[in-house]
Amino acid sequence: MARSTDRQPRPPYDPAITQVLVALGHGPDRYEVDRVRKVSACRTKPLTEALLADKSVRVETLTIPGPKDDLTVSIVRPMTESNPKRLRPGIFYIHGGALVSCNRFAGLDTSAVWAREIDAITISVEYGLAPENTGIDPGRLILYGTSAGGCLAAATALMARDKGGPKLSGLFLECPMLDDRNDTISAQQFTNGPFYNSTMNRFAWRCLLGDRVGTNDVSEYEAPARAANLGGLPPTFIDCASAEPFRDEIVMFASRLWQAGVCAELHVWPGGPHGYDRIAPDAPMSKQAREARIAWLRRVFTRGI
């Protein structure tokens with residue numbers, strides 16, 4: 001099988017990322033669902049164990065009725081609650097995993113930071129959840145999605161707008177997966193390598209859409225970049241890195257938010273691949289990104305945008 005090659009020259013990686021790149025090598029040219037799931041599970045397990053052992057939070061597991069079957073929900077609360085009846089900010093978190101892997105705990109370790117820093121309650125579910133009976137203030141609810149979860153978060157926000165769903169205080173899209181077409185310059189720059197690339201992205205979208213991928217038969221609720229109108233969405237935080245395949249579709253999405261009159265904050269972190277803050281958590285850009293994210297959340301929950 002021929003090895004995929006980039007069709008455009010790449011911008012450089014940050015030096016902290018280059019060290020990881022050398023250690024990882026080229027990465028696979030062909031992706032299989034079972035292998036992707038096994039690798040993701042290995043990466044997620046220690047972070048999940050650390051969250052469950054964290055004494056600053058309490059993690060609850062609930063089963064709730066869903067549209068077809070019962071759903072399992074994880075709720076992460078601050079351990080210290082001086083007034084248990086006080087309503088707190090709520091973050092509806094939707095995990096990443098290229099639409100084919102991971103579970104509700106993937107990336108949920110960050111919820112411990114949100115609990116400590118902004119006194120927030122985080123809910124994470126394998127499908128979907130309304131915030132009743134969780135102690136969350138319905139007037140301070142945001143959708144938060146990472147990577148593939150960003151796709152689902154943006155789609156859910158569009159659906160809430162169109163179908164009269166709950167009013168959202170904000171939409172947080174962390175390096176979101178938005179467009180099934182893979183036709184941007186950044187997608188052509190990052191065709192291969194050990195980090196998330198456009199070859200993996202094509203595989204992921206095809207798993208979801210089958211032969212419809214890249215055609216006109218794709219809904220904005222499946223690929224949010226397809227939305228003709230982004231007006232009416234809540235204040236949005238959106239970030240990505242300069243050395244990842246999603247960069248251009250994310251920047252275009254942010255520009256379209258501004259064109260539609262939506263308040264949006266965009267960050268493009270130089271030299272990072274997709275998932276840079278997990279790959280090199282101590283790199284300066286990773287620390288700056290986390291500071292920017294928590295500052296936006298604090299601003300939304302305390303004063304609004």
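Summarised in this report is the structure supplied together with it.

What counts as what
Residues numbered from 1 in each chain as written. Predicted model: local features only at pLDDT ≥ 70, side-chain atom pairs only at ≥ 80, totals over all residues. Heavy atoms only, no water. Helix = DSSP H or I, 4+ residues; strand = E, 2+ residues; numbered from the N terminus. Buried < 20%, exposed > 50% of the residue type's maximum accessible area, 1.4 Å probe, protein only. Contact = heavy atoms within 4.5 Å. Areas by Shrake-Rupley, 256 points an atom, 1.4 Å probe, with all protein chains shown as cover. Pairing = 2+ DSSP bridges. Axes fitted to C-alpha atoms, helices over the stretch in contact; angles between N-to-C directions. Disulfide = S-S within 2.5 Å. Parallel < 35°, antiparallel > 145°, perpendicular 65-115°, else oblique. Left-handed = near helix turned anticlockwise from the far one by under 90°. Expected span 1.5 Å × (residues − 1). Polar contact = N/O pair within 3.5 Å; in protein donor to acceptor, adjacent residues only side chain to side chain.

1. Some remarks on the overall build of the protein
- For the protein, the count of helices and strands is 9 helices and 8 strands.
- Across the 305 residues that make up the protein, the buried fraction comes to 51%.
- Contacts in the protein between residues at least 24 apart in sequence constitute 75% of all its contacts with a sequence separation of at least 6.
- When the accessible surface of the protein is summed, it comes to about 14300 Å², and 54% of that surface belongs to carbon and sulfur atoms.

2. Comments concerning the sheet that holds strand S2 (residues 70–78)
- An order of S1-S2-S4-S3-S5-S6-S7-S8 is seen for the 8 strands of this open sheet, with the pairing classed as mixed. Both edges of this open sheet fall to strand S1 (57–65) and strand S8 (264–269), since each of them pairs with a single strand only. On average, each strand axis in the sheet is tilted by 20 degrees relative to the strand beside it, whichever way the strands run.
- Pairing analysis gives 5 bridges linking strand S5 (residues 136–146) to strand S6 (residues 170–174), with the strands arranged parallel. Counterpart to threonine 146 in the pairing with S6 is glutamate 174.

3. Structural notes on unusual backbone geometry
- Here the phi dihedral of serine 147 falls at roughly 55 degrees; this positive angle occurs in a residue that is not glycine.
- Here serine 147 lies in the loop between S5 and helix H4 (148–163).
- Of the residues examined, serine 147 reaches a relative accessible area of 7% and is grouped as buried.
- We note that asparagine 182 has phi near 55 degrees; this positive angle belongs to a residue other than glycine.
- Here asparagine 182 lies in the loop between S6 and helix H5 (185–189).

4. Thoughts on the state of the cysteines
- Per the stated rule, a full pass over the model turns up 0 disulfides.
- Considering cysteine sulfurs only, cysteine 240 is the nearest to cysteine 175, which forms no disulfide, with 8.2 Å between them.
- Using a relative accessible area of 4% as the deciding quantity, one classes cysteine 175 as buried.

5. Some remarks on the packing of helix H3 (residues 111–118) against helix H9 (residues 284–302)
- Remark: H3 packs on H9, axes separated minimally by 11 Å, with the N-to-C direction vectors making an angle of 50 degrees. In terms of orientation, H3 and H9 fall into the oblique class. Along this stretch, H3 crosses H9, giving a crossing that reads as right-handed. Two secondary-structure elements touch here, H3 through Val113, Trp114, Glu117 and Ile118 and H9 through Ile294, Leu297, Arg298 and Phe301.

6. Brief notes about helix H6 (residues 198–209)
- When the terminal C-alpha atoms of H6 are compared, their 16 Å separation across 12 residues agrees well with the 16 Å that a helix rising 1.5 Å per residue should span.
- Those residues of H6 lying buried are Ser198, Thr199, Met200, Asn201, Phe203, Ala204, Trp205 and Leu209.
- Its side-chain oxygen at 3.0 Å from the backbone nitrogen of threonine 199, asparagine 197 defines the N-terminal cap of H6.
- Just downstream of H6 lies glycine 210, where phi reads positive at about 65 degrees.

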